[in-house]
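What follows is the residue order along each chain.
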Amino acid sequence: MRVLIINSMFYTQAYRRCVDELGKFPDIELTVLTVDSWIMNDRVGMADPLAPDAPYAFVKGTTGWSGKENRGFYTSGLATAFKLSKPEVIFLMEEPFSLFALQVLFFRAIFAPNAPIVFFTWNNLSFRVFDYRPSIWYRLVSRWTLDRFAGALTANDDGIQVLRDAGFGKPIEKIGYGVETERFAHRDELTLNSLRSCLGLNANTIVIGYIGRILWMKGLDLLLEAIAMLEREDIRILLVGSGDYESEFLRLAQKLGLAGQIIHLPSIPHNEVAQYMQLIDIFVLPSRRVKMWAEQFGRVAIEAMAAGAIVIGSDSGAIPEVIGDGGFIFEENDKYSLAIALHKALDLSPEQRSSMIAHARERAQTTFTWRKFATQAAGFIQNIYRSR
């Protein structure tokens, strides 16, 4: 079965783990199309080199509106990928309301009119109402594309209902996204001890942390207010990241008397994220739903579970699906509920803590692997191909 898989994020080796696994299936002849460069978080990233033993053909295309998410489009590469792969199935890992989706349908009509298209979506809100960016455009595009796709894979439970509400009657399956859990589970105690020393952390310090973008919808004000209620001087707040809410967050910390307990690192190298995550005793993901935004997955919570942290997350979006019984869930937008969850985490006995960490790590390493993602995606694609 010849499969053409398309995803702008495959320009990085980290995201390419998906196709590294999918290409290992003996009955799949895989061709990958991605971009030669992309803008992420205001930084231009060039495509990582291809591994010499990559189990797939690889095509890099140029793009317009790089970094504009669903408004980006290919200016070259699509025709080459279709001619090279002669696809029998197309796996589009882009949103169905994107310009990428429109382009793929156009090129499919020319080069592979009988090839069914399976798409992957993160969307857990609505295909009928977009109150951000070019809403009318997104609505019209999704209305046209959804009828022409053969099946959908979604990253969360809400995504299934959203597609059904939009009138999508084709097969849908929820699929756990892959995370490099082994990188976060592997510990180098010498490096960790050096980091602790550099950050002024001693054996009695409790580190409550967050790694990610500092935005209001991430609920970081709730984290500060809940920690202030604990009135504990042995707590340090490790905050790694930057964003629009950064200045206001630091002002709130000053107001609450927590400024001296905060360790803020606006940016760290990508290959050091796992080490900083391993310094955290209690990781908190306090996101709140805001208009047409809700957490679609919560990969950072999985990374924290793999790293050995006790994880606390709000009940917003897909966070409870990710954490499951591997951590604590508190009521979205409720600082008192978060304070109670923090109390529970801090009051765990050593045996309870070890048991919870082991269970969470097992959940992360068995439920959210690239091999599992590829296995489930391959099975779904094969079923679509057989029933085309």
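Our subject is the structure that appears above.
Below, the structure is looked at part by part. Each chain carries its own residue numbering, running from 1 in the written order of its sequence. With pLDDT at 70 or above as the cut-off, local features in this predicted model cover only qualifying residues; side-chain atom pairs require 80 or more to be listed or tallied, and sums for whole chains, interfaces and linings still use all residues. Side-chain numbers come from the whole structure's heavy atoms, not from hydrogens or water.

Our next topic: the overall build of the protein chain. Numbering of helices and strands starts at the N terminus; helices are DSSP runs of H or I of at least 4 residues and strands are runs of E of at least 2. Per the secondary structure count, the protein chain includes 15 helices and 17 strands. Taking 2.2 N^0.38 as the reference for a compact globule, 388 residues should give roughly 21 Å; the C-alpha atoms of the protein chain span a radius of gyration of 22 Å, in line with that estimate. Taking all 388 residues of the protein chain together, 55% fall into the buried category. Of the contacts made within the protein chain by residues no fewer than 6 positions apart, 76% connect residues no fewer than 24 positions apart. Taken as a whole, the protein chain presents about 17000 Å² of accessible surface, with 51% of it coming from carbon and sulfur. The positive charge centre, built from 41 side chains, and the negative charge centre, built from 43, are 7 Å apart in the protein chain. All radius of gyration figures rest on C-alpha atoms, and the globule criterion is 2.2 Å times the number of residues raised to 0.38. Think of it in three bands: residues with accessible area under 20% of the maximum for their type are buried, residues over 50% are exposed, and the middle band is partly exposed, with areas taken using a 1.4 Å probe on protein chains only. By definition, residues are in contact when any of their heavy atoms lie within 4.5 Å. Calculation of accessible area relied on Shrake-Rupley with a 1.4 Å probe; when residues are assessed, cover is drawn exclusively from the protein chains displayed. Neither His nor the chain ends contribute to the count of charged residues, in which Lys and Arg are positive and Asp and Glu negative. Positions of charges follow a simple convention, taking NZ of Lys, CZ of Arg, CG of Asp or CD of Glu.

Attention now goes to the pairing of strand β9 (residues 117-121). Burial runs high along β9: 5 of the 5 residues are buried. Residues I117, F119 and T121 line one face of β9 and the alternating positions V118 and F120 line the opposite face, and both faces are buried. For strand β8 (residues 89-92) and β9, the ladder comprises 3 bridges, and the chain directions are parallel. The residue of β9 that forms the bridge with F91 is V118. By definition, the crossover connecting two strands over a helix is right-handed if that path, from the first strand to the second, turns clockwise as seen with the strands pointing away from the viewer. A crossover connection joins β8 to the parallel β9 through helix α3 (residues 99-111); in handedness this β-α-β unit is right-handed. Both β9 and strand β10 (residues 151-154) contribute to a ladder of 4 bridges, which runs parallel. Looking at β10, one finds that F120 is bridged to L153. Paired strands, in this sense, are two strands between which DSSP finds at least two bridges.

Another point: the packing of aromatic side chains. Stacked, edge-to-face and tilted are the three classes for Phe, Tyr and Trp ring pairs, Trp counted by its six-membered ring, which pair at centre distances within 6.5 Å; planes under 30 degrees apart are stacked, over 60 edge-to-face, the rest tilted. The final tally for this structure, using the stated rule, is 22 aromatic pairs. Judged by centre distance (6.1 Å) and plane angle (10°), the rings of F107 and F111 are stacked. Residue F107 and its partner F111 are located together in helix α3, separated by 4 residues, close to a single helical turn. Under the relative-accessibility criterion, F107 is labelled buried at 18%. Aromatic ring contacts, followed pair by pair, group F120, W122, Y177, F297, F368, W370 and F373 into a single cluster. Two conditions define a charge located above a ring, namely a distance within 6 Å from the ring centre to NZ of Lys or CZ of Arg, and an angle within 35 degrees of the ring normal. The ring of F25 carries R371 above its face, with NZ or CZ at 4.7 Å from the centroid.

When a carboxyl oxygen of Asp or Glu is within 4 Å of a side-chain nitrogen of Lys or Arg, the pair counts as a salt bridge. In the structure shown here, the tally under the stated rule is 13 salt bridges. The shortest N-O distance in the salt bridge between R2 and E88 comes to 3.9 Å. Taken together, the residues span a long stretch of sequence, with R2 in strand β1 (residues 2-6) and E88 in the loop between α2 (78-85) and β8 at a distance of 86 residues. For R2, a relative accessible area of 30% translates into the label partly exposed.

Together, I39, V44 and M46 line one region of the surface with nonpolar side chains, adding up to about 290 Å² of accessible area. Relative to the helices and strands, M46 resides in strand β4 (residues 43-46). Its relative accessible area of 55% is what places M46 among the exposed residues. Patch membership requires more than 30% relative accessible area and the absence of a salt bridge. Residues of like charge join within 9 Å; the nonpolar side chains Val, Leu, Ile, Met, Phe, Trp and Tyr join within 5 Å.

The next subject is the packing of helix α11 (residues 299-307) against helix α14 (residues 350-367). What counts as an axis is a line fitted to C-alpha atoms, over the stretch in contact for a helix, and the angles between N-to-C directions run from 0 to 180 degrees. Across the interface, α11 lies against α14 with an axial gap of 7 Å and an inter-helix angle of 125°. Here α14 runs oblique to α11, going by the angle between their axes. Crossing of α11 against α14: the hand is left-handed. When α11 is examined against α14, the residues I302, M305, A306 and A307 are found in contact with a partner set consisting of A360, R361 and A364. Amino acids outside the nonpolar list (Ala, Val, Leu, Ile, Met, Phe, Trp, Tyr, Cys, Pro) and the charged list (Asp, Glu, Lys, Arg) are all regarded as polar, and Gly is one of them. Residues belonging to the contact of α11 with α14 are distributed by class as follows: 6 nonpolar, no polar and 1 charged. Note on angle classes: values under 35 degrees are labelled roughly parallel, values over 145 roughly antiparallel, values of 65 to 115 roughly perpendicular, and the remainder oblique. Crossing handedness: left-handed means the near helix sits turned counterclockwise from the far one by under a right angle, and right-handed means the same turn made clockwise.

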